Amino acid sequence: LFLMLIAAYDLSAYIVMCTRFLHDIYAAFVCTIYISDGIIGVQERFAESSWDEAFFAYYLALMVVVVALLLHYAGSYRVLSARLRGILADYAVPLAVVLCVGVSYSTRAVGVARISMPRDFQPTQVDDDGAHRAWFQGPGSVWWTPLVALLASVPIVALFYIDQLFSCILGQKPELGLRKGQYYHSSFLIIGVCNFVFPMFGMPFVTASLPHSPEFVKALTDYDPHTKTVKRVHESRIAPLLVYLFCFLALAVPSVLEVCPEGIVNGVLTFVGLQGILPGTGNQLIDRVVLLFTAPSEFPTNRPYSQLPYPRVHLYTLIQLACLACCWGMRYTGPLALAFPLVIVLYVPFRLTVLPKVCACTSLCRAKCMTPPCHACLACNPRGHPWLSPCHACLACMSLVGGRVGVCHC
């Protein structure tokens, strides 16, 4: 209900208050969760299974990650044809999974835990009396259940607001080269309707997610082999339709998934997280973390923040890392972990009030700024604060991406 009201009253527009300062933090947080879940899944197997089975699952997970990474960067190889390199890069994960599944069947000396799927088309939840729950759960057995659910849904709504809209923003960035219209409110309405109906039948919530959304766009992109710039994005409904069709077929024919070892699943989770935060993938926070360990003589000169004093850039990076650590701290607060999007929301006033005083615009920044002030921009200056509108290159504005005259990229 809240999600549909957000879409109806155009409240998605307020996501503009969350600039790239938060985009990079949240993207890094989600990707590190995937990496953590994959590693923890492997570690738990050492306590649940014999050591030989656990080590074999560990090797399968590591093999998936290594092979997928090698194939993911096949586009930069100097051998094979350009078309073949593109195919290897596009299908890096499926090829790695098929190879590792074959390796898992190469020995019978070690037991391999594989995915277990239900064979009957019925609810999987079993009640205390041993009976499977009914398909339709309804809004609740007593009249006050919906009222309690409305209150309990506030942190989940905040999670969906951040997750859905950040995924839309990062999946439709100008540098990704999309040409068709963008969408925010309509997608929010769709997930609002789905999340209003599906849970009544015991089905999970749906929402966009990182890093899948931007990575899906990159998978449909043709790049120039020399400059690595975007040549064309194949924008059509066929690709997502095929994705969901294959997901349905995998559920309709569970034996297809049961050949996959659980260790490979942990490896895929780890690779998905790494794919979203590796240096050069578009997350400026990760790129600037690398600069913390880079000699000053090796600093890049073609980055939008190259014109700024690097002590200020490093300070800004450390502030973002501290914010990322706070998000991870909320993950270990038990029942309060679902409220971590509220921490993300609190970073908005932090960016507007505290950050500009710490990372103020310097004279060097003003001297080299090539774009005019952006006083009218809601993202830079939502309340008319004078210290938020010096220039696009200012760390207080947190543009750090350059821009054309008259266009704000905060």
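Along each chain, residue indices are assigned from 1 in the same order as the chain's sequence is written. Reporting of local features is limited, given that this is a predicted model, to residues whose pLDDT is at least 70; pairs of side-chain atoms are given and counted only at 80 or more, and all residues count toward the totals for whole chains, interfaces and linings. Each side-chain value is worked out from all heavy atoms of the structure, with water and hydrogens disregarded.

**What to know about the overall build of the protein**
Part 1 of the argument: Starting at the N terminus, helices and strands are each numbered in turn, a helix being any DSSP run of H or I of at least four residues and a strand any DSSP run of E of at least two. Helix and strand counts for the protein come out as 15 helices and two strands.
Part 2 of the argument: Only protein chains enter the accessibility calculation, which uses a 1.4 Å probe; a residue whose area is less than 20% of its type maximum is buried, one above 50% is exposed, and one in between is partly exposed. Across the 410 residues that make up the protein, the buried fraction comes to 40%.
Part 3 of the argument: Taking as baseline every contact in the protein between residues at least 6 positions apart, the subset at least 24 positions apart corresponds to 70%.
Part 4 of the argument: For the accessible areas, the method is Shrake-Rupley and the probe is 1.4 Å, while residue cover comes only from the protein chains on display. Split by element, the accessible area of the protein, about 22,900 Å² in all, is 68% carbon and sulfur. Residue contacts are defined here by distance: any two heavy atoms, one from each residue, within 4.5 Å place the two residues in contact.

**Digging into the pattern of salt bridges**
Part 1 of the argument: A side-chain nitrogen of Lys or Arg and a carboxyl oxygen of Asp or Glu constitute a salt bridge if their distance falls within 4 Å. For the structure on display, the rule yields four salt bridges.
Part 2 of the argument: Residue Glu262 pairs with Arg45 through a salt bridge whose shortest N-O separation is 3.1 Å. Here Arg45 lies in helix H2 (residues 20-48) and Glu262 lies in helix H11 (residues 262-277), a separation of 217 residues in the sequence.
Part 3 of the argument: Take Arg45: its relative accessible area is 10%, and that puts it in the buried class.
Part 4 of the argument: Across the pair Glu215 and Lys218 runs a salt bridge whose closest N-O atoms are separated by 3.6 Å. Pair noted here: Glu215 and Lys218 are both in helix H9 (residues 212-219), with a separation of three residues, about one helical turn.
Part 5 of the argument: The exposure class of Glu215 is buried, given its relative accessible area of 13%.

**Quick word on the packing of aromatic side chains**
Part 1 of the argument: Stacked, edge-to-face and tilted are the three classes for Phe, Tyr and Trp ring pairs, Trp counted by its six-membered ring, which pair at centre distances within 6.5 Å; planes under 30 degrees apart are stacked, over 60 edge-to-face, the rest tilted. Counted under the stated rule, the structure contains 14 aromatic pairs.
Part 2 of the argument: Consider the rings of Phe29 and Trp328, whose centres lie 5.8 Å apart with planes at 85 degrees: the pair is edge-to-face. Taken together, the positions of Phe29 in helix H2 and Trp328 in helix H13 (residues 310-330) put the pair 299 residues apart, joining distant regions of the chain. Of the two residues, Phe29 and Trp328, both sit in the buried class.
Part 3 of the argument: Plain terms: the ring middles of Tyr58 and Tyr59 are 5.5 Å apart, the flat faces sit at 55 degrees to each other, and that makes the pair tilted.

**Let's talk about the environment of Met63**
Part 1 of the argument: Inspection of the secondary structure puts Met63 in helix H3 (residues 51-72).
Part 2 of the argument: We classify Met63 as partly exposed; its relative accessible area is 25%.
Part 3 of the argument: Sequence spacing of Met63 and Ala96 is 33 residues, and the spatial spacing of their C-alpha atoms is 7.9 Å.
Part 4 of the argument: When neighbours within four sequence positions are excluded, Met63 is seen to be in contact with Leu99, Cys100 and Val103.

**Things to note about the packing of helix H6 (residues 145-152) against helix H7 (residues 154-171)**
Part 1 of the argument: Here H6 crosses H7 at 45 degrees, and the two axes come no closer than 4 Å. Judged on the interaxial angle alone, H7 and H6 are oblique. Judged by residue contacts, Leu150, Leu151 and Ala152 of H6 engage Val154, Pro155 and Ile156 from H7.
Part 2 of the argument: Gly is put with the polar residues, along with every residue not named as nonpolar or charged; the nonpolar set is Ala, Val, Leu, Ile, Met, Phe, Trp, Tyr, Cys and Pro, and the charged set is Asp, Glu, Lys and Arg. Class assignment for the residues of the contact of H6 with H7 results in six nonpolar, no polar and no charged. An axis is simply a line fitted to the C-alpha atoms; with a helix, the fit covers only the stretch in contact. Between two such axes, the angle follows the N-to-C directions and lies from 0 to 180 degrees. When describing relative orientation, an angle under 35 degrees is termed roughly parallel and one over 145 degrees roughly antiparallel, while 65 to 115 degrees is termed roughly perpendicular and anything else oblique.

**Section: empty space enclosed by the protein**
Part 1 of the argument: Think of a 1 Å grid over just the protein atoms. A cavity is a set of points where a 1.4 Å probe fits yet cannot get out, a pocket is an open set with protein on both sides within 12 Å along at least five of seven lines, and lining residues have an atom within 4 Å of a point. Grid points are joined across faces, edges and corners, and a volume is the space filled by probe spheres set on the points. Using the criterion set out here, one finds two cavities of 30 Å³ or more in the structure.
Part 2 of the argument: Approximately 160 Å³ is the volume attributed to the largest cavity.
Part 3 of the argument: Lining the largest cavity are 15 residues, with Ala27, Leu170, Lys173, Pro214 and Gly276 sitting closest to its centre.
Part 4 of the argument: If one sorts the elements of the lining of the largest cavity by residue count, H2 sits on top with four residues.

**A few points about unusual backbone geometry**
Part 1 of the argument: With a phi close to 55 degrees, Asp10 is a non-glycine residue in the positive phi region.
Part 2 of the argument: On the secondary structure map, Asp10 appears in the loop between helix H1 (2-8) and H2.
Part 3 of the argument: Despite not being glycine, Leu80 has its phi angle at roughly 70 degrees, a positive value.
Part 4 of the argument: Secondary-structure assignment places Leu80 in the loop between H3 and helix H4 (82-90).

**Quick notes on the pairing of strand S2 (residues 230-233)**
Part 1 of the argument: Pairing analysis gives three bridges linking strand S1 (residues 221-223) to S2, with the strands arranged antiparallel. Across the sheet, Thr221 pairs through a bridge with Val233, a residue of S2.
Part 2 of the argument: A pair of strands is considered paired only if DSSP assigns at least 2 bridges between the two. Between the end of S1 and the start of S2, which pair antiparallel, lie six residues, with Lys228 showing a positive phi angle near 65 degrees.

**Examining the packing of H2 against H13**
Part 1 of the argument: The geometry of H2 relative to H13 is characterised by a closest axis approach of 10 Å and an angle of 50 degrees between their N-to-C directions. One element, H2, and the other, H13, form an angle in the oblique class. H2 and H13 meet at a crossing whose hand is right-handed. In this structure, H2 contributes Arg20, Phe21, Asp24, Ile25, Ala28, Phe29, Thr32, Ile33 and Ser36 to the contact, and H13 contributes Tyr316, Ile319, Gln320, Cys323, Leu324, Cys327 and Trp328.
Part 2 of the argument: A per-class count over the contact of H2 with H13 returns 11 nonpolar, three polar and two charged. Helix crossings get a hand from a simple test, with the near helix turned counterclockwise from the far one by less than a right angle marking a left-handed crossing and a clockwise turn marking a right-handed one.

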